[in-house]
Amino acid sequence: MKNVELTKAKSLKGEITPPPDKSISHRAVMFASLAEGRSFIRNFLKAEDPISTMNSFKRLGIEITEVRSQTPPQPPLAKGGIQGGVSSELIITGKGLHGLKEPFDVIDCGNSGTTVRLLSGILSGNKFFSVLTGDDSLKQRPMARVINPLKEMGAEISARNGDKYLPMSIKGKKLRAINYNMPQASAQVKSCLILSGLYADGTTIITEPQKSRDHTERMLKSMGADIVVEGLTIKVNNGARLEAFDVTVPSDFSSAAFFIAAALMVPDSEVLIRNTCINPTRTGLLEIIKAMGASVELQDIRDVSGEPVADIYCKTARNLKAAKIGKELMPSLIDEFPILCVLATQADGVTEIRGAEELRVKESDRIKAMATELKKLGVELEEYPDGIAIKGKASLRGNVVESYHDHRIAMSLAIAALVAEGTTTINNASCVDISFPGFFEELKRITR
Ligand code: S3P
């Protein structure tokens, strides 16, 4: 596991195309596998998490061919922008909702919560035996949130420690529709139940407490699934065939977020972030940036395979001010919590982020990780069970910090290093490959 050293940046200049969206890449592989016929997935994120999904579906008997490895496609208006991240083009021959075959061995979902939670919904409707597991982080993440409603639908599931943690075994059954009020806003749980709903007798009704990312609904509807969204309620009927599709994955806003924050914080910076998905269920960070007295410019807003996409122009913010962030915005900035903590260190006043208890059960306990590591860089802060208060504007001092093997912690600390005096060493930094292979190289390329 490599350790990476970074020093303070004078400025950031240039263009970057972040890697393809992770959530959309996972879904594209899963849904293409369940469709009938050949689907094309262009600009698939070739990073560890979506590769876990791809390998899982290969184990389930799906033929997936990588046509070529490529860098992300340039939007038409781009002039000479240098590409970043690695992607590939996939052809997937789907076998229909009931065409998966019983896996010969345990399916290892690696570090990927999206893989295991969405897959559990699919496997519950397929009448064979399967076992899902993951790495040490995934084995500590809560699975009862999918196991309980799936059991209610009739699936036979057992899991470690009283049906709470991986490994889990699933015996697929004829499912019955349920009417389910989700206790927490979670796109993974919602998507799991939408998928099991495709197999269930009757209309499955799912209601979320707050709107979480809606890539599943958008993509499945475009493929012909019978899904109706009414506010926070989603109604799913079985019976529809999924049509094969041709999808182009845009760049990931959550990967762009590191560069947005960096450009706002580092003096004399100007960065154009290309081809980025700006689905409103993902862009809560932009609202916070406004509340902090700064802004970014969304240029050339367009549609790419049913998702809104833009180029994001960012430059140094003068006088960032502290903001109060509550539960309402949390689902739309769930993965941006670590980088938002870093941004808060450079804002005048105390930034308070509350209602963020879900962050304790991500790839790491992200509240504890950011509190511990930012303190090492000299930040004054207070940790709460459901969030954090950060005092700015702080003078950061370089130090040795830990990634907790969590990609978003490693990348957030790398951005903090750009405004810290001296040298910052990030231990175990190769976890960035989970979502953003080439992150450090891209950061270096635009750093002056
Ligand atoms: C994801 C949903 C979110 C997010 C994760 C990806 C998805 O998790 O944090 O990185 O692709 O559906 P939750 O649904 O658990 O909030």
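Just above sits the structure.
Here the structure is a predicted model, which is why all the values come from computation and not from measurement. (Residues numbered from 1 in each chain as written. Predicted model: local features only at pLDDT ≥ 70, side-chain atom pairs only at ≥ 80, totals over all residues. Heavy atoms only, no water.)

1. Things to note about the packing of helix H11 (residues 366–376) against helix H12 (residues 407–417)
Between H11 and H12, the shortest axis-to-axis distance is 11 Å and the interhelical angle comes to 30°. By the criterion of interaxial angle, the relationship of H11 to H12 is roughly parallel. Considering only the axes of H11 and H12, their crossing is right-handed. In this structure, H11 contributes Arg366, Ala369, Met370 and Glu373 to the contact, and H12 contributes His407, Arg408, Ile409, Ser412 and Leu413. Among the residues making up the contact of H11 with H12, the classes are represented as four nonpolar, two polar and three charged. (Axes fitted to C-alpha atoms, helices over the stretch in contact; angles between N-to-C directions. Helix = DSSP H or I, 4+ residues; strand = E, 2+ residues; numbered from the N terminus. Parallel < 35°, antiparallel > 145°, perpendicular 65-115°, else oblique. Left-handed = near helix turned anticlockwise from the far one by under 90°. Contact = heavy atoms within 4.5 Å. Nonpolar A, V, L, I, M, F, W, Y, C, P; charged D, E, K, R; others polar.)

2. Let's talk about the pattern of salt bridges
In the structure shown here, the tally under the stated rule is 37 salt bridges. Arg282 is the partner of Asp252 in a salt bridge, and the nearest nitrogen-oxygen pair spans 2.9 Å. Here the residue Asp252 occupies a position in the loop between strand S14 (246–248) and helix H8 (253–265), and Arg282 occupies one in the loop between strand S15 (270–277) and helix H9 (284–291), the gap between them amounting to 30 residues. What makes Asp252 buried here is its relative accessible area of 2%. A relative accessible area of 2% means that Arg282 is categorised as buried. Of the charged contacts, one joins Arg360 and Glu383 as a salt bridge, the two residues approaching to 3.0 Å between their closest N and O atoms. Here Arg360, found in the loop between strand S19 (349–353) and H11, pairs with Glu383, found in strand S20 (residues 381–384); they are 23 residues apart in sequence, far enough to count as distant. Judged by its relative accessible area of 24%, Arg360 falls in the partly exposed class. Several salt bridges converge on common partners, so that one network encompasses Arg141, Arg213, Asp335, Glu363, Arg366, Asp406 and Arg408. (Salt bridge = Lys/Arg side-chain N within 4 Å of Asp/Glu carboxyl O. Buried < 20%, exposed > 50% of the residue type's maximum accessible area, 1.4 Å probe, protein only.)

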